[in-house]
2 protein chains.
Amino acid sequence: MNNFIFENATKVYFGKGCVKEYLACLSSHYGQTVLLAYGGGSIKKNGVYDEVMCSLKKAGKNVIEFSGIMANPTYAKVLEGAKLARENKVDLILGVGGGSVMDCCKAISMAAVYDGDIWADFWARQGIVDFEPLPLGVVVTVAGTGSEMNGGAVITNEDVKVKTGRDYPRCNPKFALMDPAYTYSVPKQQMVSGGFDILSHIMETYFSEPNEENVSDDISEALMRGVIRDLRAAIENPEDYIARSNLMWESTMGENRIIKLGKRMDFECHQMEHQLGAYLDCNHGAGLAVLHPVYYRHIYREGLPKFRKFAVNVWGISSEGKTEEELARAGVEALADFIREIGLPVTLRELGADESTDLKAIADSCNLAPGSYKKMTHEEILKIFQECY
Amino acid sequence: MNNFIFENATKVYFGKGCVKEYLACLSSHYGQTVLLAYGGGSIKKNGVYDEVMCSLKKAGKNVIEFSGIMANPTYAKVLEGAKLARENKVDLILGVGGGSVMDCCKAISMAAVYDGDIWADFWARQGIVDFEPLPLGVVVTVAGTGSEMNGGAVITNEDVKVKTGRDYPRCNPKFALMDPAYTYSVPKQQMVSGGFDILSHIMETYFSEPNEENVSDDISEALMRGVIRDLRAAIENPEDYIARSNLMWESTMGENRIIKLGKRMDFECHQMEHQLGAYLDCNHGAGLAVLHPVYYRHIYREGLPKFRKFAVNVWGISSEGKTEEELARAGVEALADFIREIGLPVTLRELGADESTDLKAIADSCNLAPGSYKKMTHEEILKIFQECY
């Protein structure tokens, strides 16, 4: 294990009925005014909104609503929420939704108290900031980003066409309420793209240096096998509580820093997808599904031992009669087969790209950290996009 | 996943050189007086004491030394440390050592501020306590108990011959400094018994309800395979940093609550070993090594599917041509073989028992929680002890 520092301050309340059981009590630890933030309103249809409101009313809260947070939340939306929070002297932000809502809320929790241009100083410049954001609690309704137990917020600045994220530990939610039954009503396509986002977080961490035997990779392999198993089960039966609860916790475990300890993450595929998202406004998990196999076909020869392990330990492929390269490639193709099996898109056209899409501009906008196996040039990124098209 | 609540407040600084790099700064967040607690003095021989003292002096601390903490720390020793902490108005307890030192320090951190009989109110009665212990930091020198990232303290009360433990989250160390190179000088026998303690924590958690596919068990299997691999490597080369650092982190992961989420632990084998320890004052890991295979031979028929998984997923035993029962038993025997391979004792006589040892009294003193697979009677516990003799 390489050197690391680990902390995680979020307190998690996990399981059926947790919102009803704990939200009123948890919110009572904060002041009078709660900013209730959510997305397009699905929480009003599935009963989550009512359950949350009932608890907040029980705790005697003054609730300010902030709705309409979009997939790929924009910096403009962050500023709108921050203004509302300041004007109403909000004591607690409560985000109810998936990754987009949680990320937007973290950004609001910073922007609401920061004196200055938080995009320029934090996201764009990646400079050091040192201040306490507004307290944030989250009610998770989708398994995917694992945003509930870290300080990361991925935000899209439409003016400069940049989608980027950063983990600021003080942005960790104070509490996260996670009821797996809330995910029953997530439509299949969103469920599998969220599921692929989980798998992708773990794969991108796994395929990062160092490659020696280490605990983080051991845990990652276990989690990947679990995600594959549980995603299949949840597709088979959307109300399979065991599968849904496993997926929800795998999502958190993928992004609560545990599997990243001692690793140097490059997250090249995520960075490419972020720029696809900034230009095409496509679904994040779907974008990752299109990119991953093509990207891995470009790098696996540079990381044969690790890709071989991936094939054997994650996909259970027998090594008998195969060269190391054949085995490594078989793992990548097993991943590609799985993506087709669960019904995710495999081309950029399915994500909304057409002849007018300037793939070169998107490739040139990618500002990738050096990869663990291979240095990606803008030419090779463009080639990957073209092969995905 | 069953419902759970998770939090873990300890901040971990892991890796070569971490004490020199962080201890002075970390201790500066607390008041003037530090209680420096340690064991029999090995830290004076291997240089750890000097490194710690140098950092504390650099931070301008007034250091009160409290040494001689024994394996199986006694309640009398806890009271002695608590008296010293009170008399000197200690601001921070710094425990330097393995599990015994850390557990003793947690108990001191409680006893030093508690008004009343903390043994009676906390360990014996398992009642609710609600107060803030003295702040505690730890420097870990042995991989084994994983005590550095939880609030658990196992204490032996010699007067009543009871060794018992409990996890009080506010007893979590504020910080844990973990330098794997510090473990190089741990003698082989202590290293393997610490290693087996790690494995045992994970096995006891794994062999607990529920038995459905769940993330905690997936991670446990990965950690068990890792401990087996890394223990073999560290025996082969005691200065194998990769193996030592993996073992150190596996130790923490076994006991930082992550693999226990959604599980109902029975820890029957630990409870039996605790009473062996209370009577024989034997090494904890060695006691567990003697008990585990015999205990598992008593219960595996009641948990065939789980023991079958253990055989296949942890020990890599092929299922071909074996009945479920044969496969399950093969896993238990693989564990027994591993215990012999790494040179741990296999009989109670090797732990100091002789004809004068009253095995019935020890068995009768075991107060076991209901097991996940089988209810253990005092008669069966005695039978296990006799088979171990």
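None of these values were measured; they are calculated from a predicted model.

Thresholds, definitions, all that
Residues numbered from 1 in each chain as written. Chains lettered and ligands numbered in written order. Predicted model: local features only at pLDDT ≥ 70, side-chain atom pairs only at ≥ 80, totals over all residues. Heavy atoms only, no water. Core = buried A, V, L, I, M, F, W, Y, C linked by side-chain atoms within 4.5 Å. Buried < 20%, exposed > 50% of the residue type's maximum accessible area, 1.4 Å probe, protein only. Contact = heavy atoms within 4.5 Å. Disulfide = S-S within 2.5 Å. Helix = DSSP H or I, 4+ residues; strand = E, 2+ residues; numbered from the N terminus. Buried area = accessible area lost by both parts, 1.4 Å probe. Salt bridge = Lys/Arg side-chain N within 4 Å of Asp/Glu carboxyl O. Polar contact = N/O pair within 3.5 Å; in protein donor to acceptor, adjacent residues only side chain to side chain.

Caption draft 1: Representation of the nonpolar core within the structure. With 234 residues, the main nonpolar core has Trp-249 and Phe-385 of chain A together with Trp-249 and Phe-385 of chain B as its most contacted residues. In this view, Phe-385 of chain B contacts Met-272, Leu-276, Leu-291, Leu-348, Leu-359, Ile-362, Ala-363 and Cys-366 of chain B; residues no more than four positions away in its chain are not counted.

Caption draft 2: Here's a closer look at the state of the cysteines. All names here are of chain A. On inspection of all chains with the given rule, the structure shows zero disulfides over all chains. As a non-bridged cysteine, Cys-54 has Cys-18 as the owner of its nearest cysteine sulfur, 14 Å distant. There is no disulfide at Cys-366, and the cysteine sulfur nearest it, in Cys-269, is 10 Å away. Note on Cys-366: relative accessible area 3%, which makes it buried.

Caption draft 3: Representation of unusual backbone geometry. Residues and elements named next belong to chain A. Cis geometry marks the peptide bond from Glu-209 to Pro-210; its omega dihedral reads -5 degrees. Among the secondary structure elements, Pro-210 is positioned in the loop between helix H7 (188-206) and helix H8 (215-236). For Arg-257, which is not glycine, the phi torsion reads 85 degrees and is therefore positive. With relative accessibility at 13%, the residue Arg-257 sits in the buried group.

Caption draft 4: Quick peek at the interface of chain A and chain B. Contacts between the two partners involve 37 residues from chain A and, on the opposite side, 37 residues from chain B. Together, the buried faces of chain A and chain B total about 3,200 Å²; carbon and sulfur atoms form 59% of this surface. A per-residue breakdown of the area chain A buries against chain B is headed by Met-1, Phe-4 and Trp-249 of chain A, which together make up 17% of the total. Summed over the shared surface of chain A and chain B, the result is six salt bridges. Here Arg-229 of chain A makes a salt bridge to Glu-213 of chain B, at a shortest N to O gap of 3.1 Å. Scanning the region where chain A abuts chain B turns up 18 residue pairs in polar contact (both at pLDDT 80 or more). At the level of elements, strand E1 (4-14), H8 and helix H9 (241-255) of chain A are the ones that each hand at least two residues to the side of chain A that touches chain B.

Caption draft 5: How the structure looks around the environment of Cys-105 of chain A. Residues and elements named next belong to chain A. Checked against the element boundaries, Cys-105 lands in helix H5 (residues 99-111). Take Cys-105: its relative accessible area is 0%, and that puts it in the buried class. Considered as a pair, Cys-105 and Val-138 are 33 residues apart in the sequence and their alpha carbons are 8.8 Å apart. Residues in contact with Cys-105, not counting those within four places in the same chain, are Ala-37, Ile-93, Gly-95 and Leu-136.

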